[in-house]
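Residues per chain, in single letters:
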Amino acid sequence: MTAIDDTIIADHGEIFVSAQAYADPDTWHRKAAELRANAPVFRVDRPGFRPFFAITRHADVMAIERRSDVFVNGLTSVLQENTVLDAQDTLGPAVKSLINMDGTEHREHRATTSDWFTPSKVKRLTDQVELLATNAVTKMIGTGGDCDFVSDLALAYPLRVIMTILGVPEDDEPLMLRLTQEMFGSRDPEFSRGADVADSVAVVKDFMRYFWRIVDHRRSEPTGDLASVISNATINGEAMGRLETMSYFILVATAGHDTTSNAIAGGLDALLDHPQQMDALREDPARLGLAVDEIIRWTSPVKHFMRTATDDAEVAGQKIAKGDWLMLSYPSGNRDEAVFEDPFRYNIQRTPNKHVAFGYGAHVCLGQEPLGHVTHHRLGGHG
């Protein structure tokens, strides 16, 4: 790509802080490509946000993910406005899940559920998940060819899968969906409960009230579901803390569902935009395994995570000072011309497909490995 003047890319930081920018993917990816070519480690200083460096190249995202001792998650693991961060500094964290932990603390808390996610144990869910998938498709067929795919399937099916894994009653799924949308859509007028920090805290408290009832029940009457594992988890012989326990539930219930819904909806939208790819998948359903990876690369449901430098460092020639904030841009990394041949082509047979949608290193997606391609779009998220 031909180099462009610095004054042209001066406003490109807006794509990392604006929800409206993400709603225009063509413009977003054009600007991200210009940054990869001209300013791959780009300082973003926008009103209302603490300054940070946007990491746009695949190799640099991977390098930072590998150096989890230098670039840590901490409590500021996602981009938030200053008002939210200031409230967190004053009141303490409302949530402390795996994505807010590092080092030994992260390994110990992640290990409490890692055994449950082994292939042999998760395999027992296969029949249940296949039945849920069949029911979802049957329901869609029953609409007579006219349905709202997002609400009728993309939201409903993965929600049922995640709630089944957790052991949440089906009748409570509308509540879980509403709370998930309020949590991740706090800046979306369609879903937001309110614009104040107090409104976001109220959503978290509603989650916690609900899940604490489940914890009480599973501690007295444990079953084989993931809720029982989390409820009875111990760290160094002591019961896992209340905040960490509740946050574990929230992470599984929201991240595993919301990301999957976005990948399913975005994946179908891309297939409709590329009818030859849709025809190829219909002709040979065995292509689905590779298609899932391409759908996830294309949609990149997790847009970013933040890291904080614990020491002076250097990334792609850019000096990083201790305390600096960095954004790992997964959509940009997944269009990196240095890694993906013809990256702006939607290709369901793309191989290799070294996307970074699940993260890498210590915080790689908790649900990625056990079930292979089929599970990738069910348990998306990082941990």
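As the structure is a computational prediction, the values presented were derived from the model and not from experiment.

Caption draft 1: Focus on the overall build of the protein chain. When you go through the protein chain residue by residue, the secondary structure sums to 19 helices and nine strands. Taken over C-alpha atoms, the radius of gyration comes to 21 Å for the protein chain, in line with the 21 Å a tight globule of 383 residues would show. By its C-alpha atoms, the protein chain is 65 × 55 × 40 Å across when sized along the principal axes. The burial tally for the protein chain puts 50% of its 383 residues in the buried class. Taking as baseline every contact in the protein chain between residues at least 6 positions apart, the subset at least 24 positions apart corresponds to 68%. Counting every atom, the protein chain has about 18,100 Å² of accessible surface; 52% of that belongs to carbon and sulfur. Side-chain charges of the protein chain comprise 38 positive and 55 negative groups, with the mean position of each set lying 3 Å from the other.

Caption draft 2: The pattern of salt bridges, seen in detail. Under the counting rule described, the total for this entry stands at 18 salt bridges. Residue Arg-46 is joined to Glu-14 by a salt bridge in which the shortest nitrogen-to-oxygen separation is 2.6 Å. Highlighted residues: Arg-46 in the loop between β1 (41–44) and β2 (52–55) and Glu-14 in helix α2 (residues 14–17), separated in sequence by 32 residues. Overall, the relative accessible area of 25% leaves Arg-46 in the partly exposed class. Between Arg-160 and Glu-173 there is a salt bridge, with its nearest N and O atoms 2.0 Å apart. Note that Arg-160 is positioned in helix α11 (residues 156–166) and Glu-173 in helix α12 (residues 173–184), a separation of 13 residues in sequence. Overall, Arg-160 belongs to the buried group, its relative accessible area being 15%. Three or more residues are tied together by salt bridges with common partners; here these are Arg-178, Glu-182, Arg-193, Asp-206 and Arg-209.

Caption draft 3: Broad picture of the pairing of β2. Residue alternation in β2 divides its side chains into two sets, Phe-52 and Ala-54 and Phe-53 and Ile-55, and both sets are buried. Bridge analysis of β2 against strand β9 (residues 325–329) gives three bridges, and the strand direction is parallel. Bridge pairing links Ala-54 to Met-327 in β9.

Caption draft 4: The environment of Thr-180, seen in detail. Mapped onto the elements, Thr-180 comes out in helix α12. For the pair Thr-180 and Arg-307, spaced 127 residues apart in sequence, the C-alpha to C-alpha distance is 24 Å. If we ignore the near neighbours within four places in the chain, the residues touching Thr-180 are Phe-207, Ala-253, Thr-254, His-257 and Asp-258.

Caption draft 5: Broad picture of the nonpolar core. Judged by nonpolar contacts, the single largest core of 65 residues is most densely connected at Ile-55, Phe-71, Leu-166, Met-176, Phe-211, Phe-249 and Ile-320. If near-sequence neighbours (up to four positions away) are discounted, Met-176 is found in contact with Leu-159, Met-163, Val-168, Phe-207, Tyr-210 and Phe-211. Among the nonpolar cores identified, the runner-up in size contains 19 residues, and Phe-16, Val-44, Ala-54 and Leu-79 belong to it.

Caption draft 6: How the structure looks around the packing of helix α15 (residues 242–273) against helix α17 (residues 288–299). The N-to-C vectors of α15 and α17 enclose an angle of 100 degrees; their axes lie 9 Å apart at closest approach. Comparing the axis directions of α15 and α17 gives the class roughly perpendicular. Across the interface between the two elements, Asn-262, Ala-263, Gly-266, Gly-267 and Ala-270 of α15 pack against Ile-295, Trp-298 and Thr-299 of α17. Looking at the contact of α15 with α17, its residues break down into four nonpolar, four polar and no charged.

Caption draft 7: Geometry of the packing of aromatic side chains. Under the definition given, this model contains seven aromatic pairs. Judged by centre distance (6.3 Å) and plane angle (90 degrees), the ring pair of Phe-52 and Trp-325 falls under edge-to-face. A residue pair is termed long-range when its members are at least 10 positions apart, and Phe-52 in strand β2 and Trp-325 in strand β9 qualify at 273 residues. Each member of the pair Phe-52 and Trp-325 is classed as buried. Judged by centre distance (5.4 Å) and plane angle (80 degrees), the ring pair of Tyr-210 and Phe-211 falls under edge-to-face. The burial state of Tyr-210 is the same as that of Phe-211; both residues are buried. What links up through ring pairs into an aromatic cluster is the set Phe-207, Tyr-210, Phe-211 and Phe-249. One cation-aromatic arrangement involves Arg-242 over Trp-212; the distance from NZ or CZ to the ring centre is 4.0 Å.

Caption draft 8: Spatial organisation of the confidence of the model for the protein chain. The predicted model of the protein chain has a mean per-residue pLDDT of 89, with 93% of residues at 70 or higher. Counting contacts from residues 369–380, a segment whose pLDDT is below 50, to residues more than four positions away or on other chains yields 37 contacts.

Caption draft 9: Broad picture of unusual backbone geometry. Cis geometry is found at the peptide bond from Thr-351 to Pro-352, where omega equals 0 degrees. Tracing the backbone shows Pro-352 in the loop between α18 (330–333) and α19 (372–376). Positive phi, normally seen in glycine, also occurs at Ser-300, with a value near 40 degrees. Mapped onto the elements of the fold, Ser-300 is located in the loop between α17 and β6 (304–309).

Caption draft 10: Quick look at the side chain of Asp-102. Position of Asp-102 relative to the elements: it lies in the loop between α6 (82–91) and α7 (103–114). Although Asp-102 is buried, it forms no salt bridge, and the closest oppositely charged side chain is Arg-307 at an N-O distance of 6.2 Å.

Caption draft 11: Seen up close, the sheet that holds strand β3 (residues 71–72). In space, the five strands of this open sheet follow the order β1-β2-β9-β6-β3, with mixed pairing throughout. If you trace the sheet from one side to the other, it starts and ends with β1 and β3, each paired once. Two elements, β3 and β6, share two bridges in a ladder whose sense is antiparallel. In the sheet register, Phe-71 faces β6, and the bridge partner there is Ala-309. Across the sheet, helix α5 (residues 58–66) touches β1, β2, β3, β6 and β9, and the angle it forms with β9 is around 125 degrees.

Caption draft 12: Layout of the environment of Arg-46. As for Arg-46 and Gly-13, which are separated by 33 residues in sequence, their C-alpha atoms are 7.3 Å apart. Excluding residues that lie within four positions of it along the chain, Arg-46 makes contacts with Asp-11, Gly-13, Glu-14 and Val-17.

So, how was this worked out
- Residues numbered from 1 in each chain as written.
- Predicted model: local features only at pLDDT ≥ 70, side-chain atom pairs only at ≥ 80, totals over all residues.
- Heavy atoms only, no water.
- Helix = DSSP H or I, 4+ residues; strand = E, 2+ residues; numbered from the N terminus.
- Rg over C-alpha atoms; globule rule 2.2 N^0.38 Å.
- Buried < 20%, exposed > 50% of the residue type's maximum accessible area, 1.4 Å probe, protein only.
- Contact = heavy atoms within 4.5 Å.
- Areas by Shrake-Rupley, 256 points an atom, 1.4 Å probe, with all protein chains shown as cover.
- Lys, Arg positive; Asp, Glu negative; His and termini not counted.
- Charge placed at Lys NZ, Arg CZ, Asp CG, Glu CD.
- Salt bridge = Lys/Arg side-chain N within 4 Å of Asp/Glu carboxyl O.
- Pairing = 2+ DSSP bridges.
- Core = buried A, V, L, I, M, F, W, Y, C linked by side-chain atoms within 4.5 Å.
- Axes fitted to C-alpha atoms, helices over the stretch in contact; angles between N-to-C directions.
- Parallel < 35°, antiparallel > 145°, perpendicular 65-115°, else oblique.
- Nonpolar A, V, L, I, M, F, W, Y, C, P; charged D, E, K, R; others polar.
- Phe/Tyr/Trp six-rings, centres within 6.5 Å; stacked < 30°, edge-to-face > 60°.
- Lys NZ or Arg CZ within 6 Å of the ring centre and 35° of its normal.
- pLDDT = per-residue confidence, 0-100.

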